[in-house]
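Residue-level structure breakdown
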Amino acid sequence: MTMVTISSTFKNISEIPNLLNVFGNFGNEYEYTETCIFRRIRPPQCPECNNTTVHNGFNRYTKKELGTIKIGKYLCKHCGKMFEEQRAAWEEIKTELFSQLGKIYQMLRLNHVSYQAISSIMELIYSRSKGTVFREFNKMMEAVEVPQLKSVYIVHYDEQFPKEGRCQKFRLTLLDAKTKQKLADELFEDKSPDTIKQFLISKLDTSKPIFIVTDFGTSYPKVLEEVFGDKLLHQYCLLHLNKLIVKDFPRKSSIAQELVKYRLLNIFYNREKEIERLVQLELEEREIIKNEVVYKAWIKKAKNEFYRFVHELELSRRRKKENLEINSLDKAEKNFNDLFNKLNSFDISVQTRLKMIKKNWKNLIMFHFVDGAPATNNSIENYYSTSLKTHRKKQFRTDIGIINQLQLSSMKRAGMFNEKKPTLIERFLAFLPFINY
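Figured I'd write up the structure that's included with this text. (Residues numbered from 1 in each chain as written. Predicted model: local features only at pLDDT ≥ 70, side-chain atom pairs only at ≥ 80, totals over all residues. Heavy atoms only, no water.)

This paragraph deals with the packing of helix α2 (residues 88-110) against helix α4 (residues 130-143). Where α2 meets α4, the axes come as close as 9 Å, and the angle between the chain directions of the two elements is 90°. As judged from the angle between their axes, α2 and α4 are roughly perpendicular. For the pair α2 and α4, the contacting residues are Ser-99, Gly-102, Lys-103, Tyr-105, Gln-106 and Arg-109 in the first and Val-133, Glu-136, Phe-137, Met-140 and Met-141 in the second. Partitioning the contact of α2 with α4 into residue classes produces five nonpolar, three polar and three charged. (Axes fitted to C-alpha atoms, helices over the stretch in contact; angles between N-to-C directions. Helix = DSSP H or I, 4+ residues; strand = E, 2+ residues; numbered from the N terminus. Parallel < 35°, antiparallel > 145°, perpendicular 65-115°, else oblique. Contact = heavy atoms within 4.5 Å. Nonpolar A, V, L, I, M, F, W, Y, C, P; charged D, E, K, R; others polar.)

Structure below.
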């Protein structure tokens, strides 16, 4: 294998490995001279008149705080044309270094470090102003391409509402249920049915059957049916249903109300242990509820003990790495029917919730009929919590700031930050032979 000739001196002998890394792609017709000039050993022919040229000094190229390279020049004595050797190797090591710095900016921005803070950190590495960091980061983000998934059957859909300054934006997102990878994640000025419809049509194959999980947005059933027709399997998120059920009850509820609440929660999830404990407490409540003073102290103690009991059940599941058990379809139907048959004995809010569940029953049990289908939108909620946290989604001053944050999150989920890369010190070592002492 032929390679560039390196003329060693007492000064550069220790830098020969670095010089070979920089100029290693050039053949043996090139040299790096004792006076640190990169050029061809035999001057090339003139591009104008095709006569042989001669060496004619060099041009200096300096990158502040990194170093200087001397690029050889050539002169044609026949026609007087002057030109210089290519400096691709110099440009390449600069590009590689600044690309590495850009990846540092990306990692810091992914973790919500401000541009000013990044600039301060860079003062310890290689000085970059806040404005330079901002421009280089945005330039890199414009060139990023995140791998997209294809042939998806089961997806999650949800919305988030970040702000650009004081202007409300609408973030529409599709997530693959199997891989938990983003399919689409875009910002819009509104979230009208037409906007949602066009978003879905542009991102999904509407000619194939699809299982899609959403919350209880009132516009979704009509929009999804118009887009997918009879190919649609639409599942409502059971987590959102549970949240709605909890909101139906006052914060300072009685044990009897807690019992009704947990019986509603028990329709789709196994809450038998909590119900068993509440039944015992409710019997005690009946005995002392007439004595207001005694009851006031008792209810506070009883509810605290119950909440501790619920928390211990949750901790036990976490230790065993188990999720809350979902009831079988038969069990869910039985639990619901037991409650619905006593409809008139409940408060109006509970009656309304039971009627709502009955009306949407088909969309609440759809996951039972598709293997591997999710019952909740937890995956997309987790994606939102990591990509644009609730306390941060009001902090962006520009549209680009929000989009870049979403893009960074997609890069992380696609594993683009896990690729093995040369270290920053390796990039800086390439400049060692060219430092101006």
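Structure's up, so let's keep going.
Next up on the list: the layout of surface pockets. Here the largest pocket is characterised by a volume of approximately 480 Å³. Along the walls of the largest pocket sit 20 residues, with Leu-259, Val-260, Arg-263, Leu-339 and Phe-346 positioned nearest its centre. Elements represented by at least two residues in the lining of the largest pocket include exactly α8 (255-265), α9 (272-288) and α11 (329-340). Class assignment of the residues belonging to the lining of the largest pocket gives a composition of nine nonpolar, four polar and seven charged. (1 Å grid on protein atoms, 1.4 Å probe; cavity = no way out; pocket = protein on both sides within 12 Å on 5 of 7 lines; lining within 4 Å. Points joined across faces, edges and corners; volume = space filled by probe spheres on them.)

What follows is about the packing of aromatic side chains. One pass over the structure, following the stated rule, counts 24 aromatic pairs. Note on Phe-98 and Tyr-126: the rings are 6.0 Å apart at their centroids and 55° apart in plane angle, and the pair reads as tilted. Highlighted residues: Phe-98 in helix α2 and Tyr-126 in the loop between α3 (115-122) and α4, separated in sequence by 28 residues. Across this residue pair, the class does not change: Phe-98 and Tyr-126 are buried. Taking the centre distance of 6.1 Å and the plane angle of 35° together, the rings of Tyr-383 and Tyr-384 count as tilted. The exposure class assigned to Tyr-383 is buried, which follows from its relative accessible area of 0%. Owing to a relative accessible area of 4%, Tyr-384 belongs among the buried residues under this scheme. (Phe/Tyr/Trp six-rings, centres within 6.5 Å; stacked < 30°, edge-to-face > 60°. Buried < 20%, exposed > 50% of the residue type's maximum accessible area, 1.4 Å probe, protein only.)

So, about the nonpolar core. Among soluble globular proteins, nonpolar side chains are generally buried collectively. Ranked by internal contacts, the top residues of the largest apolar core, which has 49 residues, are Leu-264, Ile-267, Phe-268, Leu-354 and Ile-357. Per-element tally for this core: the top contributor is helix α10 (residues 292-319), with eight residues. Val-4, Tyr-32, Leu-66 and Phe-431 belong to the second-largest nonpolar core, a separate cluster that totals 38 residues. (Core = buried A, V, L, I, M, F, W, Y, C linked by side-chain atoms within 4.5 Å.)

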